Amino acid sequence: MQNFDLGALDAWKQVDGGELLAFDLPTVGYRKVDFDVLADGPVRVVAFGPNDKTWLVGYGQGLLSVRFTATDDVCVAVFGADDVVIHIRTKCATLALAEFPEETFTTIEPRAGHTDEFRRLTHLMRINQEQREAQLRGEILALRNEVIAGRSETVLSEPDVNLIDEGDGGGDASA
């Protein structure tokens, strides 16, 4: 059982046997040629290049998928018997793989400036952080005052006996 994945039927174009389909290529680089052929009889697909070069790029009947790359201008023709109905769907009609010039850092464009929305959000984040830091400083100051107040109450209410010299007034406290 054969399955045909035809996709959109509007993409298929009926052509006559031997009709030339041109693929113009850029002056630099490679071009990928990719197309499908649907025929109700045996066909052969031939690519024509400059200087009378020809290549047999496909043959058979039914659904054929043909892919190749070329560096020069290329024409493709599908040949079959007179009663064969031929449809073609070009997949990559405009795909060109060109050679790019070597990248230099003097041709790179600078980054775009920040947008107004970015500036607004940055300002709000800065204000929020300042408020958090001020709140944290206030909590630290309150804790410090609480600790100092707790120490002074402890010192006044419970004198430390080791700090008061109760001896004879002039000797070694450990003796």
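A short tour of the structure in this document, coming up. All figures in this text were calculated on a predicted structure; none of them were measured in a lab.

## Points about the pattern of salt bridges
Counting across every chain of the model gives 4 salt bridges. Close ionic contact of D116 with R119 constitutes a salt bridge, the shortest N to O distance being 3.2 Å. Of the two residues, D116 and R119 both sit in helix α1 (residues 116-157), 3 residues apart, roughly one turn of that helix. Look at R119 and you get partly exposed, because its relative accessible area is 46%.

## So, unusual backbone geometry
Negative phi characterises most residues that are not glycine, and trans characterises most peptide bonds. One non-glycine residue, N51, lies in positive phi territory at about 60 degrees. Considering the arrangement of structural elements, one finds N51 in the loop between β3 (30-48) and β4 (54-70). A relative accessible area of 72% means that N51 is categorised as exposed. You will see that D52, though not glycine, has its phi angle at about 60 degrees, which is positive. Of note, D52 is situated in the loop between β3 and β4.

## Focus: the nonpolar core
In terms of nonpolar packing, the biggest core is built from 19 residues, with F35, V37, V43, V45, F68, I86 and I88 touching the most fellow members. Of all the secondary structure elements, the ones that give two or more residues to this core are β3, β4, β5 (74-80) and β6 (86-90). Sorting elements by how many residues they give to this core places β3 first, with 7 residues. Not counting residues within four places of it along the chain, the set of residues in contact with V45 comprises F35, V37, W55, L56, V57, G58, L64, V66, V76, A77 and V78.

How each quantity is defined
Counting of residues starts from 1 at the beginning of each chain's written sequence and follows it residue by residue. For a predicted model such as this one, the threshold for reporting local features is a pLDDT of at least 70, and the threshold for listing and counting side-chain atom pairs is 80 or more; totals across whole chains, interfaces and linings nevertheless cover every residue. Just so you know, side-chain values use all the structure's heavy atoms and leave hydrogens and water out. Any Lys or Arg side-chain nitrogen found within 4 Å of a carboxyl oxygen on Asp or Glu counts as a salt bridge. Helix numbering and strand numbering both begin at the N terminus, where a helix is a DSSP run of H or I of at least 4 residues and a strand a DSSP run of E of at least 2. To sort residues, take the accessible area from a 1.4 Å probe on protein chains only and compare it with the maximum for the residue type: under 20% means buried, over 50% means exposed, and anything in between is partly exposed. What we call a nonpolar core is a set of buried Ala, Val, Leu, Ile, Met, Phe, Trp, Tyr and Cys residues that are connected through their side-chain atoms within 4.5 Å. Contact criterion: two residues are considered in contact whenever any of their non-hydrogen atoms come within 4.5 Å of each other.

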